[in-house]
Amino acid sequence: MYHVILEPSGLSYRAAPKDNLLSAAKRAGIAVPEACRNGVCEICEARVRAGTVLNTRNQHTIQVGERLMMCRSLPLEDLTLEIDAVMAAGAIQPSKFQAKVVDVRSINHDVYRVELQLPRRRDLTFHAGQYLSVNLPGEGPSFFSIASGPAAENLELHIQASPDWGSAQKVIDALKPGAEVSLDVPYGKACLAGAPSKSLFLVAAGTGFAQMKSLMDFLDGTSYDQPIKLFWGVRRHEDMYLRSMAQQWEADLPNFTFLPVVGDDEDNDWSGHHDQLVRAVLAAGGDWSNVEVHASGSPTMVYTLMDALLDAGLPTDAFFSDVLEYAPRN
């Protein structure tokens, strides 16, 4: 297997001698633009910065400085390629889109599944685990994790709303099937631009599960085979609104483990549930040097978890959460 580095994104993947560079990148979950897959459209063009490549169309060896079509190229050694169209995690700038509301349905007592359709889906690129803003006239932006993977035709949101939560309820009231809604997308650096090299701990509280679903949908289309542990913390059993989905992943995927954490006590405040969730994560740990953690929930939960894991030996650069960006500690 050869090691392929893509610049300037810094993403990397492995390719066997008989792998074309495009297919190997796709198996690693790296979104290389493509269309024809036979070297004609030139959308997957890159330039060699280090190493040599075999052009399968004419059996010509491509050297440093020369351009190639990744779909028609086999690695002959470790490579560094320059391809500006491949973006690092969190490097895609948000843009405005108009979307049509396809479906809004209640999936438990206070969570709604929302499906949105863009007129030209190919115009939007995002990474698994990112989020968007819903922009209603006269209101500030409302931010929600994208629950669908980057390859999905429509965007999926999980919105927790009740009459007591004014902003979220206004969004649900406005998102009627057939309506048009303004979005800014994508946001967030706690995402995956390619399949990671380490095992994954996914830690969600409440509707933080939406971000984890996006990550799982993305990984399902890659060759990722490292262990995945999903921890989902909720107050009560009925708050685990897609428990059957997580259970199905566990049944279907040999490398996946689902660990629900349920307080089941209406009198407990969230800090108690956070402590319970953190204890469950710590108890399941092993070699923290070989784990990548993605956490989604309130700032209290995320920072409690992060502090505990760093004390246990998790490297700082192996912990990912949008909270670190939108609610940084002073």
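Described below are features of the structure shown in this document. (Residues numbered from 1 in each chain as written. Predicted model: local features only at pLDDT ≥ 70, side-chain atom pairs only at ≥ 80, totals over all residues. Heavy atoms only, no water.)

## Quick look at the overall build of the protein
Reasoning step 1: Check the secondary structure of the protein and you find 7 helices and 19 strands.
Reasoning step 2: A compact globule built from 330 residues would reach a C-alpha radius of gyration of about 20 Å, and the protein, at 21 Å, matches this within 12%.
Reasoning step 3: Overall, the C-alpha framework of the protein stretches about 70 × 50 × 40 Å when taken along its three principal axes.
Reasoning step 4: The buried share among the 330 residues of the protein stands at 49%.
Reasoning step 5: Distance between charge centres in the protein, computed from 28 positive and 41 negative side chains, equals 7 Å. (Helix = DSSP H or I, 4+ residues; strand = E, 2+ residues; numbered from the N terminus. Rg over C-alpha atoms; globule rule 2.2 N^0.38 Å. Buried < 20%, exposed > 50% of the residue type's maximum accessible area, 1.4 Å probe, protein only. Lys, Arg positive; Asp, Glu negative; His and termini not counted. Charge placed at Lys NZ, Arg CZ, Asp CG, Glu CD.)

## Let's talk about the pairing of strand β16 (residues 228-234)
Reasoning step 1: The buried count for β16 comes to 6 of 7 residues, which makes it a mostly enclosed element.
Reasoning step 2: Here 6 bridges tie strand β15 (residues 199-205) to β16, and the two strands are oriented parallel to one another. Along β16, the bridge assignment pairs Phe-201 with Lys-229.
Reasoning step 3: A crossover links β15 with its parallel partner β16, the connecting element being helix α3 (residues 209-219), and its sense is right-handed.
Reasoning step 4: Sheet analysis places β16 next to strand β17 (residues 256-262), joined by 7 bridges and oriented parallel. For Gly-233, the partnering residue across the bridge sits in β17 and is Val-261.
Reasoning step 5: The β-α-β motif built from β16, the intervening helix α4 (residues 243-252) and the parallel element β17 has right-handed crossover chirality. (Pairing = 2+ DSSP bridges. Right-handed = clockwise from strand over helix to strand, strands pointing away.)

## Description of the packing of aromatic side chains
Reasoning step 1: Scanning the model with the defined rule gives 10 aromatic pairs in all.
Reasoning step 2: Judged by centre distance (4.1 Å) and plane angle (10 degrees), the ring pair of Phe-209 and Trp-232 falls under stacked. Of this pair, Phe-209 sits in helix α3 while Trp-232 is found in strand β16, placing the two residues 23 residues apart along the sequence.
Reasoning step 3: Judged by relative accessible area, Trp-232 falls into the buried class, the value being 0%.
Reasoning step 4: Each residue in the set Phe-209, Trp-232, Tyr-241, Trp-249 and Phe-256 is aromatic and connected to the rest through ring pairs, giving one cluster. (Phe/Tyr/Trp six-rings, centres within 6.5 Å; stacked < 30°, edge-to-face > 60°.)

## Some points on the packing of α3 against α4
Reasoning step 1: Packing of α3 against α4 leaves a shortest axis separation of 12 Å and a crossing angle of 30 degrees. Taken as axis vectors, α3 and α4 run roughly parallel relative to one another. Between α3 and α4 lies a crossing of left-handed hand. Judged by residue contacts, Phe-209, Lys-213 and Met-216 of α3 engage Met-245, Ala-246 and Trp-249 from α4.
Reasoning step 2: In terms of residue class, the contact of α3 with α4 is made up of 5 nonpolar, no polar and 1 charged. (Axes fitted to C-alpha atoms, helices over the stretch in contact; angles between N-to-C directions. Parallel < 35°, antiparallel > 145°, perpendicular 65-115°, else oblique. Left-handed = near helix turned anticlockwise from the far one by under 90°. Contact = heavy atoms within 4.5 Å. Nonpolar A, V, L, I, M, F, W, Y, C, P; charged D, E, K, R; others polar.)

## Some points on the layout of surface pockets
Reasoning step 1: Size it by volume and the largest pocket reaches roughly 960 Å³.
Reasoning step 2: Lining the largest pocket are 37 residues, and of these Gln-160, Ala-205, Thr-207, Gly-208 and Gly-297 sit closest to its centre.
Reasoning step 3: The biggest single contributor to the lining of the largest pocket is strand β12 (residues 142-145), with 4 residues.
Reasoning step 4: Its residues placed into classes, the lining of the largest pocket shows 16 nonpolar, 16 polar and 5 charged. (1 Å grid on protein atoms, 1.4 Å probe; cavity = no way out; pocket = protein on both sides within 12 Å on 5 of 7 lines; lining within 4 Å. Points joined across faces, edges and corners; volume = space filled by probe spheres on them.)

## A word on the environment of Arg-113
Reasoning step 1: If you trace the backbone, Arg-113 turns up in strand β10 (residues 111-117).
Reasoning step 2: Expressed as a C-alpha distance, the spacing of Arg-113 and Ala-210, which sit 97 residues apart in the sequence, is 9.9 Å.
Reasoning step 3: Leaving out residues up to four positions away in the same chain, Arg-113 has contacts with Asp-103, Val-104, Arg-105, Ile-107, Glu-156, Leu-157 and His-158.
Reasoning step 4: At 3.4 Å, the side chain of Arg-113 forms a polar contact with the side chain of Glu-156. (Polar contact = N/O pair within 3.5 Å; in protein donor to acceptor, adjacent residues only side chain to side chain.)

## Concerning unusual backbone geometry
Reasoning step 1: Cis rather than trans, the peptide bond between Glu-7 and Pro-8 has omega equal to 5 degrees.
Reasoning step 2: Relative to the assigned elements, Pro-8 resides in the loop between β1 (2-7) and β2 (11-15).
Reasoning step 3: A cis amide bond links Val-185 to the next residue, Pro-186, at an omega of 0 degrees.
Reasoning step 4: In this structure, Pro-186 sits in strand β14 (residues 180-187).
Reasoning step 5: Phi at Gln-59 is positive, roughly 60 degrees, even though this residue is not glycine.
Reasoning step 6: Mapped onto the elements of the fold, Gln-59 is located in the loop between β4 (53-55) and β5 (60-62).

## Side note on the sheet that holds β1
Reasoning step 1: In spatial order, the strands read β2-β1-β8-β3-β6; together these 5 strands make up an open sheet with mixed pairing. In the strand order of this sheet, the two ends are held by β2 and β6 (67-69), each with one partner. The average angle at which neighbouring strand axes cross in this sheet is 35 degrees, direction not considered.
Reasoning step 2: Here strand β3 (residues 45-50) pairs with strand β8 (residues 79-82) via 3 bridges, running antiparallel. Looking across to β8, one finds that Arg-47 is bridged to Glu-82.

## Examining the sheet that holds strand β7 (residues 73-75)
Reasoning step 1: Pairing in this open sheet of 3 strands is antiparallel, and the strands run β5-β4-β7 from one edge to the other. Among the strands making up the open sheet, the edge pair consists of β5 and β7. For this sheet, the mean inter-axis angle between neighbouring strands, taken without regard to orientation, is 35 degrees.
Reasoning step 2: Relative to β7, β4 runs antiparallel, the two being bridged by 3 bridges. Across the sheet, Asn-55 pairs through a bridge with Ser-73, a residue of β7.

Bear in mind that shape data such as this cannot, by itself, settle questions of function.
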